[in-house]
Amino acid sequence: MKNNIKIAALFAALIGVLIWTSCNKSTNPTPTNQDHGVSQFRDDPDDPPTDCIKFPIDCDFYLVTHISKDIELDPGCMIHVEYDVWTCDDLLGSEYYLFFNHFKADPLKNSCLTRQTHWIDLIIQGKYDEFQDAVEEFLNEAQLAAEYDFYSSYPGVIPPCHDYDYLIHSDFYLNNCWKLYWKIIEIDGIPVIELKYVKCGEGCCKRESNWCKNPDGTLIRTDLGTTKIGDCQGPSDDPPPGFQPVPPPYDRCERSCITNDPPF
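Analysis parameters
Residue numbers run consecutively from 1 along every chain, following the written order of its sequence. Given that this is a predicted model, residues contribute local features only at a pLDDT of at least 70 and side-chain atom pairs are listed and counted only at 80 or more, while totals for whole chains, interfaces and linings are drawn from all residues. With hydrogens and water set aside, each side-chain value is computed from the structure's full complement of heavy atoms. Throughout, nonpolar core names a set of buried Ala, Val, Leu, Ile, Met, Phe, Trp, Tyr and Cys residues whose side chains join them through atoms within 4.5 Å. Classification of residues uses two cut-offs on accessible area relative to the type maximum, computed with a 1.4 Å probe and protein chains only: under 20% is buried, over 50% is exposed, and between them is partly exposed. Helix and strand assignments come from DSSP, with helices taken as H or I runs of at least 4 residues and strands as E runs of at least 2, each series counted from the N terminus. It only takes one pair of heavy atoms within 4.5 Å for two residues to be counted as in contact. Disulfides are defined as cysteine sulfur pairs within 2.5 Å. Polar contacts, as counted here, are pairs of nitrogen or oxygen atoms within 3.5 Å of one another; within protein the pair requires one atom able to donate a hydrogen and one able to accept it, and residues that are adjacent in sequence qualify only if both atoms are side-chain atoms. A pair of strands is labelled paired if DSSP reports no fewer than 2 bridges between them. Convention adopted: a line fitted to C-alpha atoms gives each axis, helices being fitted over their contacting stretch, and angles between N-to-C directions are expressed from 0 to 180 degrees. In this analysis, the protein atoms alone were mapped onto a 1 Å grid. Cavities are point sets where a 1.4 Å probe fits without being able to get out; pockets are open sets with protein on both sides within 12 Å along at least five of seven lines; lining residues have an atom within 4 Å of a point. Grid points are joined across faces, edges and corners, and a volume is the space filled by probe spheres set on the points. If an angle is under 35 degrees, it is roughly parallel; if it is over 145, roughly antiparallel; if it lies from 65 to 115, roughly perpendicular; otherwise it is oblique. By definition, any crossing whose near helix is turned counterclockwise from its far helix by less than a right angle is left-handed, and any crossing with a clockwise turn is right-handed. Throughout, the ten residues Ala, Val, Leu, Ile, Met, Phe, Trp, Tyr, Cys and Pro are labelled nonpolar, Asp, Glu, Lys and Arg are labelled charged, and all others, Gly among them, are labelled polar. Under the convention used throughout, the expected extent of a helix is 1.5 Å for every residue step, that is, one less than its residue count. The directions from the helix axis to the C-beta atoms form the arc being described.

Caption draft 1: Highlighting the nonpolar core. Counting residues in each nonpolar core, the largest one holds 44 residues, and the members touching the most others are I79, Y83, F103, F131, F150, Y151 and L195. Those elements that place two or more of their residues in this core are strand 1 (61-74), strand 2 (77-88), strand 3 (95-107), helix 2 (113-124), helix 3 (128-152), strand 4 (167-175), strand 5 (178-187) and strand 6 (190-199). Residues in contact with Y83, not counting those within four places in the same chain, are T65, H66, I67, F100, N101, H102, F103, A146 and F150. F55, Y173, C204 and I229 belong to the second largest nonpolar core, which has 11 residues in total.

Right under this line is the structure:
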C-alpha cells in the first residue's frame, strides 16, 4: 500500500508539472519565424492517438501535452521537434506509462549545415539510397534526443535507479511508412534543404524504454527493444507541391525500425 501511494503521488506530480507547462505555453507562446517543413504524422492534438498505439488493458488514456520546441541534436545542429504525450489514469503495478506519438523533426534552416550539405551532395550525385538512409538516421537520432530532453525537463519526478519500487515506462511511436520529398533553397547564399515525408501506410515502430536517474542526476535509459506494428499497405497522401520526389526505382515507403544508441 505504501508503495502504491508513493507511485500515485509521483505520477500525479509529473502529470501536474506537464499540465502546468502546457497551460503556461498556451498563455505565453514562444514566437518563431522558422518554417519547419515536416508537417505530416500528426493530426490535431485533441484527436485520438494513432491506431499503432497499444494501450494497456483498462487504460483510460488521455492527452497530457503537446510539445513543440527547438532542441540541440549535436553541436552546431539545432532541430525543431513536435510530439504528443499520452498517459493513463490507471496505474499498473509499480509502473506508470507515458506514450509518445505524432512525432516530427527537422533541422532549423540556419543550423545543421554539415548534415544538410551532405544530403544535398548525395542528391546531386544521385545516391538516393544513401540520402534516404541518412534522413532515417537523422529521424531516429531526433526521437531519442527528444525523449531524453523531455525527461530531463522533469528531473524531480524521475525515480532513482536504485529504487525498484516503481519505474517510468516509455513507449515512443514513429511512423515508418513514408516517401521522401525535398526542396533545395538558399538562405543568405547558403543552400539548405527542406524535407517532406508523405505518409504511405499505417505502420509504426514502437520503441520501449524504462527511465531512472543516478545519484548525480544523470538520466539512464534502459532500451527494451523496438517492435514493428502494422504494415505499409494503403493509399499515399498527396505529394507536396514544389517538392521533388525520390525517383524510381529508389523511392520506397517502408522504413527501418532500427535505432542507434543515443549520443548521451
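Read on for the rest.
Caption draft 2: Expanded view of the state of the cysteines. Counted under the stated rule, the structure contains 5 disulfides. With its sulfur 2.1 Å from that of its partner, C177 forms a disulfide with C232. In this structure the cystine formed by C177 and C232 twists about its S-S bond by roughly -85°; its chirality is therefore left-handed. Of this pair, C177 sits in the loop between strand 4 and strand 5 while C232 sits in the loop between strand 8 (219-229) and strand 9 (244-245); the two residues are 55 residues apart in sequence, bridging distant segments of the chain. Here C200 engages in a disulfide with C253; their sulfurs sit 1.9 Å apart. On the sign convention where negative is left-handed, the bridge of C200 and C253, at about 110° about the S-S bond, is right-handed. With C200 in the loop between strand 6 and strand 7 (204-213) and C253 in the segment after strand 9, this pair connects stretches of sequence that are 53 residues apart.

Caption draft 3: A look at the side chain of H66. Mapped onto the fold, H66 is located in strand 1. Separated by 3.1 Å, the side chain of H66 and the backbone oxygen of Y83 make a polar contact.

Caption draft 4: The arrangement of the sheet that holds strand 6 in detail. Judged by pairing direction, the sheet is antiparallel, and its 3 strands sit side by side in the order 6-5-9 without closing on themselves. Single-partner strands in this sheet number two, and they are strand 6 and strand 9. Strands in contact with helix 2 are strand 5 and strand 6; relative to strand 6, the strand with the most contacts, it is inclined by about 75°. The strands that helix 3 touches are strand 5 and strand 6; relative to strand 5, the one it contacts most, it runs at about 90°.

Caption draft 5: Up close: empty space enclosed by the protein. In the structure shown here, the tally under the stated rule is 3 cavities of 30 Å³ or more. In this structure, the second largest cavity encloses a volume near 50 Å³. Contributing to the lining of the second largest cavity are E136, L139, N140, L174, N175, N176, W178, R255 and S256. Going through the elements one at a time, helix 3 and strand 4 are the ones with two or more residues in the lining of the second largest cavity. Considering every element that reaches the lining of the second largest cavity, the biggest residue donor is helix 3, with 3 residues.

Caption draft 6: Just the pairing of strand 8, in detail. In this sheet, strand 8 lies alongside strand 7 in antiparallel orientation, the contact comprising 10 bridges. The partner of R207 across the bridge, within strand 8, is T226. Linkage of strand 7 to strand 8, two consecutive antiparallel strands, is achieved through a turn of 5 residues, within which G217 is found at a positive phi near 95°.

Caption draft 7: Here's a closer look at the packing of helix 2 against helix 3. Their axes nearest at 8 Å, the elements helix 2 and helix 3 cross at an angle of 155°. Comparing the axis directions of helix 2 and helix 3 gives the class roughly antiparallel. As for the relative orientation of helix 2 and helix 3, their crossing is left-handed in sense. Facing R115, H118, W119, L122 and I123 of helix 2, the residues of helix 3 in contact are Y128, E130, F131, A134, V135, F138 and E141. Counted by class, the contact of helix 2 with helix 3 contains 8 nonpolar, 1 polar and 3 charged residues.

Caption draft 8: Spatial organisation of helix 2. Between its terminal C-alpha atoms helix 2 stretches 16 Å, which fits the 16 Å expected from 12 residues at 1.5 Å a residue. The set of residues buried in helix 2 consists of R115, Q116, W119, I120, L122 and I123. The arc enclosing the buried residues of helix 2, seen along the axis, measures out at 160°, which places them on a common side. Exposed and oriented more than 90 degrees from the buried face of helix 2 are T114 and I124. One or two positions beyond helix 2, positive phi appears at G126, with a value near 70°.

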